[in-house]
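Take a look at the letters that make up each chain.
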There are 2 protein chains.
Amino acid sequence: GSGALEKPGGCRQSEIPLIRNLSEQGYDSYSLSFGLSHKTVAGAVHHGMKEIEVWIQTIAPHGRSPIHRHACEEVVIILKGYGTFYLSDGHDPDVPGKPKEIPIYPNSTFSVPVNSVHQVWNTHEAEDLQFMVAISRPPMELFVYRNWSTPHNEAILEEIKWNKLKSSSELKQCKEPELKDEL
Amino acid sequence: GSGALEKPGGCRQSEIPLIRNLSEQGYDSYSLSFGLSHKTVAGAVHHGMKEIEVWIQTIAPHGRSPIHRHACEEVVIILKGYGTFYLSDGHDPDVPGKPKEIPIYPNSTFSVPVNSVHQVWNTHEAEDLQFMVAISRPPMELFVYRNWSTPHNEAILEEIKWNKLKSSSELKQCKEPELKDEL
Ligand SMILES: [Zn+2]
Ligand SMILES: [Zn+2]
C-alpha cells in the first residue's frame, strides 16, 4: 500500500502516511536533560529512514541539551529563540576542555563536526528555543558527558528514548519470519 | 582555525564560520525549472559536509521543481505556502507513469523513497511555496524526466548548478598537492 517501507531484515512497517502534519504531532518530553522536548519528523525506527533523520526540538527557558558527542553529521537550523552553542575545540585529546561559546538566534545555522563534543543552551528568560536537526546514519549513538572535564572514555552511551518502539506489536512486525520446518 | 574542515584528499577549505545567518544569505535562482530558488544551508561542495546536506528552496506561484529521481534519501518540511507533491507509485518498471497527487501545506512533511520519481508544484495563485530539504550522500546525482511517460533510461543526469564551485581558486585548493621529484 501507499507509504509502506521495507525495513532491513524484510520487515514491512505499518502504513506510514505519505504526508504528515507536524502541527498535529505532539512533542515528547524526555529526562535526557532539563527542558528538552523532541519530535521526530522522519526517523529510522518509526519511518523506515536509513540514511538521514530529521527532528524538531524545543528547549524551555534555562533548559539545555546534554553535553554530548556522536559519530554522525548534524546540521541545526534555529527556528525561534536565543541561546548558546557550546563546542569543544578538540585540542585536548583526553577531555572536551573549555568549549567555544557561539550565540545562536532565529534563522542561524551551524553544523556539528563528527565526534565533536557539544551542547545547546536556551539563554532566554521567557522564550522557547526551537530548532530543526538533521543527522546522518540513524539511529544516533549518543555519548553523554557529565561536564567539560569528563574524559572521552568516560562518556556514557545513552539510549535515545524517542528511538524506542512504542508497542510490542511494532516489535513483532520486525522480527524475522519463523521458518517452517519442512522435514 | 575555527570552522576549517578537512575535505577528502587532504584539501583544507577556506574558513567556514561556525554559525551562519540564513537571513543574510541570498537565494540563487536556477533555470532547472520555472520559478525555483535555492539556498544551501549546509552542503558538500561549500561547507565540507560528507553525509548530509540541508537546503531551503522557494518556488514562485505556478512554479515547480523538475520531474526527477535520485538515489539518496530526501526529507522535506513545508515552511510556508501550498502545493502538490507528485510521486510515481513505481508500478511500471519502465516509466514513472501517472503519479499520486498529494496536497502539501505549512508544517506538513514527507519523505521521498530512494529512486522514486517525484515533483513539487506551487499551486497557490500568489504565495511562494517554501520548504526545507535534507538529503543523504551529497552531492546529489539528479536525473530529470521530460514528463511522466519518459522512460527511466532516458532521464537525463543534470548538473546541479548550486554545486559548482564559485571560483577557480577554490578548485585549486582542492587539487592533490604536486609531488616533488626527489631523484
Ligand atoms: Zn548533537
Ligand atoms: Zn527530490
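For the structure, check the block above.
All residue numbers here refer to positions counted from 1 along the written sequence of the relevant chain. Going through the entries in the order they are written, you letter the chains from A and number the ligands from 1. In keeping with the model being predicted, local features are shown solely for residues with a pLDDT of at least 70 and side-chain atom pairs are shown and tallied solely at 80 or more, while totals for entire chains, interfaces and linings include all residues. As a convention, hydrogens and water are excluded, and side-chain values are obtained from all of the structure's heavy atoms.

Caption draft 1: Spotlight on the overall build of chain A. For the purposes of this entry, the term helix denotes a DSSP run of H or I that reaches at least four residues, the term strand denotes a run of E that reaches at least two, and both are numbered from the N terminus. Scanning chain A from N- to C-terminus turns up 2 helices and 15 strands. Buried, partly exposed and exposed residues are distinguished by accessible area as a fraction of the type maximum, computed with a 1.4 Å probe on protein chains only: under 20%, between the cut-offs, and over 50%, respectively. In chain A, buried positions account for 51% of the 183 residues.

Caption draft 2: View of the interface of chain B and chain A. In what follows, a contact means two residues having at least one pair of non-hydrogen atoms within 4.5 Å. Between chain B and chain A, the residue contacts involve 37 residues of the former and 37 residues of the latter. Buried area between chain B and chain A, both sides added, is near 3200 Å², and the carbon and sulfur share of it is 66%. Buried area: the sum, over both parts, of the accessible surface (1.4 Å probe) that disappears when the two are put together. On the chain B side of the interface with chain A, the three residues burying the most area are Leu18, Ile19 and Glu73 of chain B, jointly 20% of the side's total. A pairing counts as a salt bridge when a side-chain nitrogen of Lys or Arg comes within 4 Å of a carboxyl oxygen of Asp or Glu. Inspection of the region where chain B meets chain A yields 2 salt bridges. We note a salt bridge from Arg137 of chain A to Glu51 of chain B, for which the minimum N-O separation is 3.0 Å. N or O atoms within 3.5 Å of each other form a polar contact, as long as, within protein, one can give a hydrogen and the other can take it, and as long as residues adjacent in sequence are counted only when both atoms are side-chain atoms. Taken together, chain B and chain A are joined by 16 residue pairs in polar contact (both at pLDDT 80 or more). Contributions of two or more residues to the side of chain B that touches chain A are made by strand S3 (20–21), strand S5 (36–42), strand S6 (52–59), strand S8 (74–80), strand S10 (100–104), strand S11 (108–112) and strand S13 (129–136) of chain B. Residue composition of the side of chain B that touches chain A, by class: 21 nonpolar, 9 polar and 7 charged. Of the pairings in the sheet, the one linking strand S11 (residues 108–112) of chain A to S3 of chain B comprises 2 bridges and is antiparallel in character. Across the sheet, the residue bridging to Ser108 of chain A is Asn21 of chain B, located in S3 of chain B. Basically, the charged four are Asp, Glu, Lys and Arg, the nonpolar ten are Ala, Val, Leu, Ile, Met, Phe, Trp, Tyr, Cys and Pro, and anything else, Gly included, counts as polar. Note on pairing: two strands pair once DSSP finds at least 2 bridges between them.

Caption draft 3: Expanded view of the relation of the copies chain B and chain A. Overlaid copies result from least-squares superposition on C-alpha atoms, with residues included only where pLDDT is at least 70 in both. Turning chain B through 180° and shifting it by 0.0 Å along the axis lays it on chain A, with an RMSD of 0.0 Å. Taken together, the rotation and translation relating the two chain copies correspond to the operation of a two-fold axis. Both copies share a contact surface, since 100% of the interface residues of chain B are interface residues in chain A too.

Caption draft 4: Highlighting the pairing of strand S6 (residues 52–59) of chain A. Residues and elements named next belong to chain A. Within S6, 8 of the 8 residues are buried, which leaves it mostly tucked inside the rest of the structure. Residues of S6 alternate between two faces, with Ile52, Val54, Ile56 and Thr58 on one and Glu53, Trp55, Gln57 and Ile59 on the opposite face, all of them buried. Examined bridge by bridge, strand S5 (residues 36–42) and S6 share 6 bridges and lie antiparallel to one another. The residue of S6 that forms the bridge with His38 is Gln57.

Caption draft 5: Molecular detail of the pattern of salt bridges. All names here are of chain A. Under the criterion given, the structure shown has 4 salt bridges over all chains. Lys164 is paired through a salt bridge with Glu159; the nearest N and O atoms lie 3.6 Å apart. Taking relative accessible area as the criterion, Glu159 reaches 53% and is therefore assigned exposed.

Caption draft 6: The coordination of the zinc ion (ligand 2), seen in detail. Residue and element names in this part refer to chain B. Coordination here is defined by N, O and S atoms within 2.8 Å of the metal (3.2 Å for Na, K and Ca), and since water is not considered, a site can look incomplete. Taken together, His68 (NE2), His70 (NE2), Glu74 (OE) and His118 (NE2) make up the full set of protein donors to the zinc ion (ligand 2), lying 2.1 to 2.2 Å away. When the donor residues of the zinc ion (ligand 2) are listed from N- to C-terminus, their spacing reads H-x1-H-x3-E-x43-H. Considered together, His68 and Glu74 belong to a single accessibility category, that of buried residues.

Caption draft 7: Looking closely at the coordination of the zinc ion (ligand 1). In the first shell of the zinc ion (ligand 1), the protein supplies His68 of chain A (NE2), His70 of chain A (NE2), Glu74 of chain A (OE) and His118 of chain A (NE2), at 2.1 to 2.2 Å from the metal. You can call Glu74 of chain A buried: its relative accessible area is 7%.

Caption draft 8: Region of the structure containing the side chain of Ser136 of chain B. Within the secondary structure, Ser136 of chain B sits in strand S13. At 2.5 Å, the side chain of Ser136 of chain B and the side chain of Glu51 of chain A are in polar contact. There is a polar contact of 2.9 Å between the side chain of Ser136 of chain B and the backbone nitrogen of Glu73 of chain B. Setting aside chain neighbours within four positions, we find Ser136 of chain B in contact with Glu51 and Ile52 of chain A together with Glu51, Ile52, Cys72 and Glu73 of chain B.

Caption draft 9: Representation of the packing of aromatic side chains. The aromatic pairing rule takes the rings of Phe, Tyr and Trp, using the six-membered ring of Trp, and pairs them if the centres are within 6.5 Å, calling planes under 30 degrees apart stacked, those over 60 edge-to-face and the rest tilted. All chains considered together, the criterion is met by 6 aromatic pairs over all chains. The interplanar angle of 45° and the centroid separation of 6.4 Å between the aromatic rings of Tyr86 of chain A and Trp148 of chain A together place this pair among those described as tilted. Taken together, the residues span a long stretch of sequence, with Tyr86 of chain A in strand S9 (residues 83–87) and Trp148 of chain A in the loop between strand S14 (142–145) and strand S15 (156–158) at a distance of 62 residues. Trp148 of chain A matches Tyr86 of chain A in its accessibility class, with the two residues each being buried. Between Phe85 of chain B and Phe110 of chain B the ring centres are 3.9 Å apart and the planes differ by 20°, which places this aromatic pair in the stacked class. Separated by 25 residues along the polypeptide, Phe85 of chain B in strand S9 (residues 83–87) and Phe110 of chain B in strand S11 bring together distant segments of the chain. When sorted by exposure, Phe85 of chain B lands in the same class as Phe110 of chain B, which is buried.

Caption draft 10: The arrangement of the environment of Asp94 of chain B in detail. Residue and element names in this part refer to chain B. In this structure, Asp94 sits in the loop between S9 and S10. The sequence separation of Asp94 and Thr150 amounts to 56 residues, and the corresponding C-alpha distance is 8.6 Å. Setting aside residues no more than four positions away along its own chain, Asp94 makes contact with Thr150, Pro151 and His152.

Caption draft 11: Examining the pairing of S11 of chain B more closely. All names here are of chain B. In terms of burial, S11 is largely enclosed, as 5 of its 5 residues are buried. Going residue by residue along S11, you find Ser108, Phe110 and Val112 tucked away on one face and Thr109 and Ser111 tucked away on the opposite face as well. Judged from the 4 bridges that link them, S8 and S11 form a sheet pairing that is antiparallel. Looking at the pairing, Glu74 lines up with Val112 of S11.

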